[in-house]
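Overview (structure and organization)
Each chain is listed here by its residues.
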Amino acid sequence: MPRRTAGVSPMKRLLFSSSFALLAACSGASATGDAGLTFQKDVRPIVEAKCQVCHVEGSFTPFALTTYQDVYTHRAAIASAVGDGRMPPWPPSDSCGSYQHDRSLSPEQRAAVVAWAGGLAPEGEASTFVAPDSGTPTALRVDTSLAIPMPYQPVSSPDEYRCFVLDWPQTTTKYVTGLRVVPGAIAEVHHAIIFQIAPADVAAVQALDAADPAEGYSCFGGSGVNAAGWVGAWVPGSTGNVFPADTGIAIAPGSKLVVQVHYNTANTAPVPDQGAMGDTRVELQLADTVKTPAVVLKWANPQWVRNHTMTIDAGDPDSVHAFEFTPGPFLGTLSGGVLPSNSAFQVWTAGLHMHARGAKATLQVTHPDGSKDCLLQIDDWSFHWQGSYDLVKPVKVGAGDSLSIECHFDNSGNRQPIVNGIPAPVGPVNWGETTEDEMCLGIMYATP
Ligand code: HEC
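Residues numbered from 1 in each chain as written. Predicted model: local features only at pLDDT ≥ 70, side-chain atom pairs only at ≥ 80, totals over all residues. Heavy atoms only, no water.

1. Focus: the site of the ligand
Taken together, 21 residues surround the ligand, and among them Cys51, Cys54, His55, Arg86 and Met87 come closest. One of the side-chain nitrogen or oxygen atoms of Arg86 is found 2.5 Å away from an oxygen atom of the ligand. Here the element with the most residues in the shell around the ligand is helix 4 (residues 75–83); it accounts for four residues. (Near = heavy atom within 4 Å. Polar contact = N/O pair within 3.5 Å; in protein donor to acceptor, adjacent residues only side chain to side chain. Helix = DSSP H or I, 4+ residues; strand = E, 2+ residues; numbered from the N terminus.)

Pasting the structure below:
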């Protein structure tokens, strides 16, 4: 994988490099080399709050960061990865929105970690450690747990995307009000996306499943079925996602769920996706009714999808595709009847979806007076770290407002997908589901 800075805006980089330069200048003059910073007092609270959601024993990360010794051993790599913003991974630009469960470091935290790790990295006194406020863990009530039918062992390295069809046993319409994924083999499950397949499309996913001899079927940009609805995404470290109070996504009896699992075996040997807790499974919180049914809206130019107008020329380092439109009159159709046409709606969660050649993207709302509300901006897209982000405050989209999405693709060769260690050849690209194709999609959890 090409080295890239995950999720650091040029602004943050600038802010960071100036504070780093300052600290480095101080450290030259100071005997301790790190302005008196110690692990216990300054670094451990940050590592516990911002690194250990992923860097624990047996996880999919290359090493654990649980003890002083762990952090000390990896201090050079930490100074570098935290310094240039690769770690912790947090794609959203802070010039756009504010999100819950923000994994990013403040400029001060970043500077402290880098100065400590780049200096003598002393441990300090355990009595000076103050536990970080980790917030209240998500209280997901597990009403149903759907495991992948058979443990699957990834065969493609380092990345493989595999879809599994899960039976939906409910006999009446139920609302999903929260979810999480519990990985089987924790070391190889990088992230997962859950889709719902309406009864009319079930035959299409069953055909995909039947055509692939191993468990599940190979998929990449989605579930393989265009009409599939997004239910949610899971990333490591997340204890679950509970949707806003009294809202939920309806799932009709006779539907199926598809879970797309991203296996990453860069740091581990592939094993069957099965652990002490069983196979990878989706755990859901359900309700018979909700006050406000929600929908996950997908936002893209229908022309890109239907007529393949999202042309990305071979070699183009910055192919830009944008779409702005007032959804009002079409809301009923777009939302499957959940949002009435020509009415206002609230957006609670925003996501963006491109494939490997995606470079940056923005999703925003424009009001009739020209003012804008930015929902999500990602300045350095990485397919590895896609997800959706819970806005701290929901954004209202008025009946006359327009929604816009803009995606930049780099098709010069720098961002070609790597399949079994070999970068794909540069060629013309258009809309589609596979690694050879691209997408430019906004994803929003919305309620009336
Ligand atoms: C959301 C999960 C996640 C979080 C949070 C996270 N990391 Fe990582 N880290 C990874 C993964 C996965 C890798 C392996 C490389 C990759 O896939 O990008 C990694 C790699 C690293 C590396 C090796 C990088 C290299 O290029 O050699 C360092 C150092 C590191 N992380 C430090 C940290 C520190 C310090 C924090 C907290 C401030 C942190 N990470 C937070 C997932 C995470």
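2. Quick look at the sheet that holds strand 17 (residues 372–378)
The strand order across the open sheet formed by four strands is 14-19-16-17, and the pairing between neighbours is antiparallel. The sheet terminates laterally at strand 14 (319–325) and strand 17, the two strands that pair on one side only. Between one strand and the next, the sheet's axes are offset by a mean angle of 10°, whatever the strand orientation. As paired elements, strand 16 (residues 358–366) and strand 17 share six bridges and run antiparallel to each other. Residue pairing across strands places Leu363 opposite Leu376, the latter belonging to strand 17. (Pairing = 2+ DSSP bridges. Axes fitted to C-alpha atoms, helices over the stretch in contact; angles between N-to-C directions.)

3. Side note on the state of the cysteines
Taken as a whole and judged by the stated rule, the model has three disulfides. Disulfide partner of Cys163: Cys219, at an S-S distance of 2.1 Å. For the disulfide bridge between Cys163 and Cys219, the dihedral angle about the S-S bond is near 95°, and by the sign convention the bridge is right-handed. Here Cys163 is found in strand 2 (residues 159–167), whereas its partner Cys219 is found in the loop between strand 5 (217–218) and strand 6 (229–234), with 56 residues between them in sequence. (Disulfide = S-S within 2.5 Å.)

4. Some thoughts on the domain arrangement of the protein
Once the domains are mapped, the protein shows domain 1 (10–128), domain 2 (144–290) and domain 3 (293–447). In this assembly, eight residues from domain 1 lie in contact with nine residues from domain 2. Roughly 630 Å² of surface becomes buried between domain 1 and domain 2 when both sides are summed, with 60% attributable to carbon and sulfur atoms. If you sort the residues of domain 1 by the area they bury against domain 2, Val53, Gly58 and Phe60 come out on top, with a joint share of 66%. Inspection of the domain 1/domain 2 interface yields zero salt bridges. Its residues assigned to classes, the side of domain 1 that touches domain 2 shows four nonpolar, three polar and one charged. (Domains from an automatic or database assignment. Contact = heavy atoms within 4.5 Å. Buried area = accessible area lost by both parts, 1.4 Å probe. Salt bridge = Lys/Arg side-chain N within 4 Å of Asp/Glu carboxyl O. Nonpolar A, V, L, I, M, F, W, Y, C, P; charged D, E, K, R; others polar.)

5. Re the environment of Asp437
Its location among the elements puts Asp437 in the loop between strand 21 (422–423) and strand 22 (441–447). Classification of Asp437 as buried rests on a relative accessible area of 18%. Between the alpha carbons of Asp437 and Thr136 there is a distance of 40 Å; along the sequence they are 301 residues apart. Residues in contact with Asp437, not counting those within four places in the same chain, are His355, Arg357, Val429, Asn430, Trp431 and Gly432. (Buried < 20%, exposed > 50% of the residue type's maximum accessible area, 1.4 Å probe, protein only.)

6. Some points on the pairing of strand 1 (residues 144–147)
The side-chain alternation of strand 1 yields one buried face, formed by Thr144 and Leu146, and one unburied face, formed by Ser145 and Ala147. As paired strands, strand 1 and strand 12 (residues 281–287) are joined by four bridges and run antiparallel to one another. Following the sheet pairing, Leu146 is matched in strand 12 by Val282.

7. Here we look at unusual backbone geometry
The residue after Met87, namely Pro88, is reached through a cis peptide bond having omega -10°. Of note, Pro88 is situated in the loop between helix 4 and helix 5 (107–118). Here the phi dihedral of His101 falls at roughly 55°; this positive angle occurs in a residue that is not glycine. Residue His101 is classed as exposed on the basis of its relative accessible area, which comes to 55%. Of note in this structure, Asp246 is not a glycine but carries a positive phi near 60°.

8. Digging into the packing of aromatic side chains
The tally for this structure, following the rule as stated, stands at 19 aromatic pairs. Between Tyr68 and Tyr72, the aromatic rings sit 5.7 Å apart at their centres with planes inclined by 40°, giving tilted as the arrangement. Here the residue Tyr68 and the residue Tyr72 both occupy positions in helix 3 (residues 68–73), the gap between them amounting to four residues, near one helical turn. Here Arg44 stacks its cationic end above the ring of Phe129, 3.6 Å away from the centre of that ring. Cation over ring: Arg75 sits above Tyr72, and NZ or CZ is 3.9 Å from the ring centre. (Phe/Tyr/Trp six-rings, centres within 6.5 Å; stacked < 30°, edge-to-face > 60°. Lys NZ or Arg CZ within 6 Å of the ring centre and 35° of its normal.)

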